[in-house]
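Here are the chains, one letter per residue:
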Amino acid sequence: MSSLLVSLDAGVLSLTLNRPDKLNAFNPEMHQLIKAAFERAREDAGVRAVLLTGAGRAFCAGQDLSERNVAPGAAPIDLAVTIGSYYNPLVRRMRELPKPIVCAVNGVAAGAGANIALACDLVVAARSASFLQAFSRIGLLPDSGGTYFLPRAAGTARAMGLALLAEKLSAEDAERWGLIWKVFDDGALVKEATAIARALAEGPTKAYGLIKKALYASAGNSLDAQLDLERDLQREAGFSEDYREGVTAFMQKRKPNFKGK
Ligand code: T3D
């Protein structure tokens with residue numbers, strides 16, 4: 001059975017991390033498959049939104065630690081290699097994808113699994129799900145963007161507490177702290193997340209890509225620079241077919257039929 005399930009339906013590319021016995025921990029095969037899936041998401045015009053979730057009771061437990069269990073006296077593994085070749089490129093690929101990524105956190109999201117969830121554009125979670133910066137429990141620091149996303153979304157005090165104490169954060173607290181968009185009852189998560197992804201897949205894809213660009217640039221920009229960026233990106237949006245359709249539909253008092261162009 002593949003460690004990543006991939007399917008395309010109604011413009012939504014669904015990606016399901018699929019190593020449930022290991023709580024969907026990352027191994028090299030899963031990294032290769034998710035890389036290929038996000039490359040497809042970028043290249044395939046038929047993909048207008050991505051939905052990422054996990055199989056079984058967990059979303060993802062981060063790195064597969066059975067691959068890190070070195071024998072006493074053996075040389076340590078250089079973690080910069082996997083971070084540089086897998087985790088960092090994945091987070092960059094997700095943030096740079098000019099299409100929206102919805103993450104449905106169906107259970108515990110730990111280690112890199114938590115931060116890959118937070119790297120998605122719109123994160124929803126089951127009420128029973130949780131987020132765990134598990135790293136310090138094994139002598140590491142948060143990676144996969146954790147030290148970037150957490151202080152910006154939750155503030156340094158909360159980011160520090162999560163990273164140092166490595167306590168589980170409930171989905172409801174993650175929502176309250178502004179780390180994620182919404183919590184749904186467990187039984188409703190799949191339906192709600194799919195509905196969100198489908199709605200996005202029917203939307204003005206180009207504008208969504210530009211929204212990602214603008215919002216993700218904001219943290220590093222002055223107001224002046226951000227105003228200039230908004231002007232430049234709005235120019236691009238204004239040249240899109242979907243903008244023309246959006247205004248025409250508004251004037252004709254009908255629902256717009258966006259094509260993602
Ligand atoms: O190494 C590099 O390349 C650098 C990059 C690092 C990125 C990272 O992600 S480092 C952090 C790695 N992840 C963790 O430290 C989390 C480890 N897992 C846990 O802390 C717990 O499993 C959870 C809190 C996520 C869930 O706890 P619980 O009690 O619900 O489940 P469990 O019993 O611990 O796990 C169930 C099974 O999944 C169990 O296997 P078994 O005993 O039934 O055969 C467990 O060993 C396995 N499992 C869970 N997480 C991992 C894992 N197996 C391998 N790797 C895992 N990360």
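Look up a bit, the structure's there.
Residues numbered from 1 in each chain as written. Predicted model: local features only at pLDDT ≥ 70, side-chain atom pairs only at ≥ 80, totals over all residues. Heavy atoms only, no water.

Draft legend 1. Main features of the packing of helix H1 (residues 28-43) against helix H2 (residues 79-96). H2 packs onto H1 with a crossing angle of 20° between their chain directions and a minimal axis gap of 10 Å. The angle between the axes of H1 and H2 places the two elements in the roughly parallel class. Between H1 and H2 lies a crossing of left-handed hand. Mapping the contact onto sequence places Pro28, His31, Gln32, Ile34, Lys35, Phe38, Glu39 and Arg42 in H1 and Tyr86, Tyr87, Leu90, Arg93, Met94 and Glu96 in H2. Across the contact of H1 with H2, the residue classes tally to seven nonpolar, two polar and five charged. (Axes fitted to C-alpha atoms, helices over the stretch in contact; angles between N-to-C directions. Helix = DSSP H or I, 4+ residues; strand = E, 2+ residues; numbered from the N terminus. Parallel < 35°, antiparallel > 145°, perpendicular 65-115°, else oblique. Left-handed = near helix turned anticlockwise from the far one by under 90°. Contact = heavy atoms within 4.5 Å. Nonpolar A, V, L, I, M, F, W, Y, C, P; charged D, E, K, R; others polar.)

Draft legend 2. How the structure looks around the nonpolar core. Counting residues in hydrophobic clusters, the biggest one holds 62 residues, and the most contacted among them are Val105, Phe131 and Leu179. In terms of residue count, helix H7 (residues 189-201) provides more of this core than any other element does, six residues in total. Among all residues touching leucine 179, those that are not within four sequence positions of it are Leu118, Leu150, Ala153, Ala154, Leu162, Leu169 and Ala174. Judged by nonpolar contacts, the second largest core, of five residues, contains Val108, Ala110, Leu132 and Ala134. (Core = buried A, V, L, I, M, F, W, Y, C linked by side-chain atoms within 4.5 Å. Buried < 20%, exposed > 50% of the residue type's maximum accessible area, 1.4 Å probe, protein only.)

Draft legend 3. Fine view of the site of the ligand. Among the 24 residues in the neighbourhood of the ligand, the closest are listed as Arg57, Gln63, Arg68, Thr82 and Ala112. At 2.8 Å from an oxygen atom of the ligand is found a side-chain nitrogen or oxygen belonging to arginine 57. Measuring from a nitrogen atom of the ligand, one finds a backbone N or O atom of glutamine 63 at 2.8 Å. Look at the ligand: alone it shows 1,000 Å² of surface, and the protein chains cover 67% of it. (Near = heavy atom within 4 Å. Polar contact = N/O pair within 3.5 Å; in protein donor to acceptor, adjacent residues only side chain to side chain. Areas by Shrake-Rupley, 256 points an atom, 1.4 Å probe, with all protein chains shown as cover.)

Draft legend 4. Spatial organisation of unusual backbone geometry. With a phi close to 60°, asparagine 24 is a non-glycine residue in the positive phi region. One non-glycine residue, serine 144, lies in the positive phi region at around 55°. If you trace the backbone, serine 144 turns up in the loop between strand S8 (130-132) and helix H4 (146-154).

Draft legend 5. Here's a closer look at the side chain of threonine 53. Relative to the helices and strands, threonine 53 resides in strand S3 (residues 49-54). Of the residues examined, threonine 53 reaches a relative accessible area of 18% and is grouped as buried. A distance of 2.8 Å separates a polar side-chain atom of threonine 53 from the backbone oxygen of alanine 104. If we skip the residues at most four places from it in the chain, threonine 53 touches Leu15, Thr16, Leu17, Phe59, Ala104 and Asn106.

Draft legend 6. View of empty space enclosed by the protein. Under the counting rule described, the total for this entry stands at one cavity of 30 Å³ or more. Roughly 40 Å³ of internal volume is contained in the largest cavity. Taken together, the residues that form the lining of the largest cavity break down as six nonpolar, one polar and no charged. (1 Å grid on protein atoms, 1.4 Å probe; cavity = no way out; pocket = protein on both sides within 12 Å on 5 of 7 lines; lining within 4 Å. Points joined across faces, edges and corners; volume = space filled by probe spheres on them.)

Draft legend 7. Local environment of the side chain of glutamine 226. As for its placement among the helices and strands, glutamine 226 is situated in helix H9 (residues 223-238). Overall, the relative accessible area of 11% leaves glutamine 226 in the buried class. Residues contacting glutamine 226, with those up to four places away along its chain left out, are Ala214, Ala217, Ser218 and Asn221.

Draft legend 8. Looking closely at the environment of alanine 25. Residue placement: alanine 25 occurs in the loop between strand S2 (12-17) and H1. The class for alanine 25 is buried, based on a relative accessible area of 5%. With near-sequence residues (within four places) excluded, alanine 25 lies in contact with Arg19, Met30, Ala61, Gly62, Gln63 and Asp64.

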